[in-house]
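# Breakdown of the fold
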Amino acid sequence: MSDRANQVISDILRRIHEAIVENDVTYEEYQAAKQWFIDVGEAGEWPLFGDVYIEHAVEEQAFGNRAGSQGTILGPFHLPDAPLLDAPFELPHRPDEPGDRTRVTGRVTDVDDNPLPNANLDIWQADASGAYSGFMPGPPDGNLRGQVRTDADGRYEYVTVIPGPYTIPLDGPTGRMTAAADWSPWRPAHIHLIVSAEGYEPLVTQLFIDTSDHLDNDVASAVKEELIVHPERADGGLAFTYDFALAPARTPAVA
Ligand code: MBD
Ligand code: FE
C-alpha cells in the first residue's frame, strides 16, 4: 500500500505546487487557505466539500463504463436503516408535507431486461424547501427516507413529494469559497436512490426533476442526461416512471 500512497500523494502535492507557481500564489493567500482548512474542519464540512467538489470525478472514474443504468454521486446525506415500507409505499412525511405529491413507478431488471424480484430501493431526498431530515432543522428525523422492494415481476412503486432544489450552506466555509469563486451554490431538485439486488453491483444514483432550476450548473457536477425524469399530471397529483438495469457484481460473492 505504501507504493500506492507514495504515488498518489506525490502526484497531488506536485499538482498543488505547480498551481502555486503558475498562479504566483502569495503568502497571504497561503495563510488564508490554511485558516480555511481549519474552518472547514471546525464546521464539520469536509464530507460536504468532498462530495460536492471531488466525488463526481471518483464516480466517473469508477463507473463511467458500467453496463446498465447510470449512477451518480452518493453525497453526504444518506443514513442507513431507513424503514422498509409496506403498501401503499409512501415515504414517511409530515401530515402537512409541502410539495407536489408524486407517484414513482418502474422496474428493476438485469442488463438483459430480466426482472429482478425482491430488489431493494433505498430512497432519500430533501423536502420541498431543500432540507434533508437528520441534517438540517425543519423536517423531523426519518422524514422522506424509506426502502421499498420490487415484486415478483421486478416492479416497484412509491409515493413522495417533489423535492426542492438544495443550496449548500451559504454561511459556512464551503459556501464562502463557492461565493469567493463566483460559482452557483445550488443543486437541482433530485431524489437519491441505492438500488441493490443479490449478485448485482449496487447502483448509487439520483433522479433529477426536469422542471427544476440549476440542472445545467449543479454545484456538485452530478447531473447526467439519462437521470432526468419528467413528472406528468395523473389522477390529482404527479407521476413518473423510471426503470433501473443493474450490472453484474464486480466481485463475485464468496460461497
Ligand atoms: C446534496 O443534497 C447532495 O446530494 C450532494 C451530493 C452534495 C450536497 C448536497
Ligand atoms: Fe442530495
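In this text, all values refer to a predicted model and were calculated from it rather than measured experimentally. (Residues numbered from 1 in each chain as written. Chains lettered and ligands numbered in written order. Predicted model: local features only at pLDDT ≥ 70, side-chain atom pairs only at ≥ 80, totals over all residues. Heavy atoms only, no water.)

This next bit is on the sheet that holds strand S2 (residues 120–125). A sheet is described by the order of its strands in space; here five strands give the open sequence S3-S2-S7-S8-S9, paired in mixed fashion. The open sheet has two edge strands with one neighbour each: strand S3 (145–149) and strand S9 (228–229). With six bridges joining them, strand S7 (residues 190–196) and strand S8 (residues 203–209) adopt antiparallel strand pairing. Across the sheet, Ile194 pairs through a bridge with Val204, a residue of S8. (Pairing = 2+ DSSP bridges. Helix = DSSP H or I, 4+ residues; strand = E, 2+ residues; numbered from the N terminus.)

Following both chains from N to C, one finds helix H3 (residues 46–53) and helix H5 (residues 173–180) inclined at 40 degrees, their axes separated by 9 Å at the closest point. Taken together, the axes of H3 and H5 are oblique relative to one another. For the pair H3 and H5, the contacting residues are Leu48, Phe49 and Tyr53 in the first and Thr174, Met177 and Thr178 in the second. Its residues placed into classes, the contact of H3 with H5 shows four nonpolar, two polar and no charged. (Axes fitted to C-alpha atoms, helices over the stretch in contact; angles between N-to-C directions. Parallel < 35°, antiparallel > 145°, perpendicular 65-115°, else oblique. Contact = heavy atoms within 4.5 Å. Nonpolar A, V, L, I, M, F, W, Y, C, P; charged D, E, K, R; others polar.)

As a volume, the largest pocket reaches approximately 770 Å³. For the lining of the largest pocket, the elements supplying multiple residues, two or more each, are helix H1 (2–22), helix H2 (27–42) and H5. With eight residues, H2 is the single largest residue contributor to the lining of the largest pocket. Of the residues assigned to the lining of the largest pocket, the class counts are 15 nonpolar, one polar and three charged. Taken as a whole, the second largest pocket spans an internal volume of roughly 200 Å³. Taken together, Gly44, Glu45, Pro47, Leu48, Pro76, Phe77, Phe135, Met136, Tyr166 and Pro169 form the lining of the second largest pocket. Split into classes, the residues belonging to the lining of the second largest pocket amount to eight nonpolar, one polar and one charged. (1 Å grid on protein atoms, 1.4 Å probe; cavity = no way out; pocket = protein on both sides within 12 Å on 5 of 7 lines; lining within 4 Å. Points joined across faces, edges and corners; volume = space filled by probe spheres on them.)

So, on to the site of ligand 1. Surveying the vicinity of ligand 1 reveals the residues Leu48, Val52, Ile73, Gly75, Pro76, Phe77, Tyr132, Tyr166, Arg187, His190 and His192. Interatomic distance of 2.8 Å between a side-chain N/O atom of Arg187 and an oxygen atom of ligand 1. Between an oxygen atom of ligand 1 and a side-chain N or O atom of His192, the distance comes to 2.9 Å. Relative to its unbound accessible surface of 260 Å², ligand 1 loses 100% to contact with the protein. Under a 2 Å grid-point criterion requiring more than half of the atoms, the pocket assigned to ligand 1 is the largest cavity. The set of elements that each furnish at least two residues to the shell around ligand 1 consists of H3 and S7. Partitioned by chemical class, the residues of the shell around ligand 1 number seven nonpolar, three polar and one charged. (Near = heavy atom within 4 Å. Polar contact = N/O pair within 3.5 Å; in protein donor to acceptor, adjacent residues only side chain to side chain. Areas by Shrake-Rupley, 256 points an atom, 1.4 Å probe, with all protein chains shown as cover. Sits in = over half its atoms within 2 Å of the grid points.)

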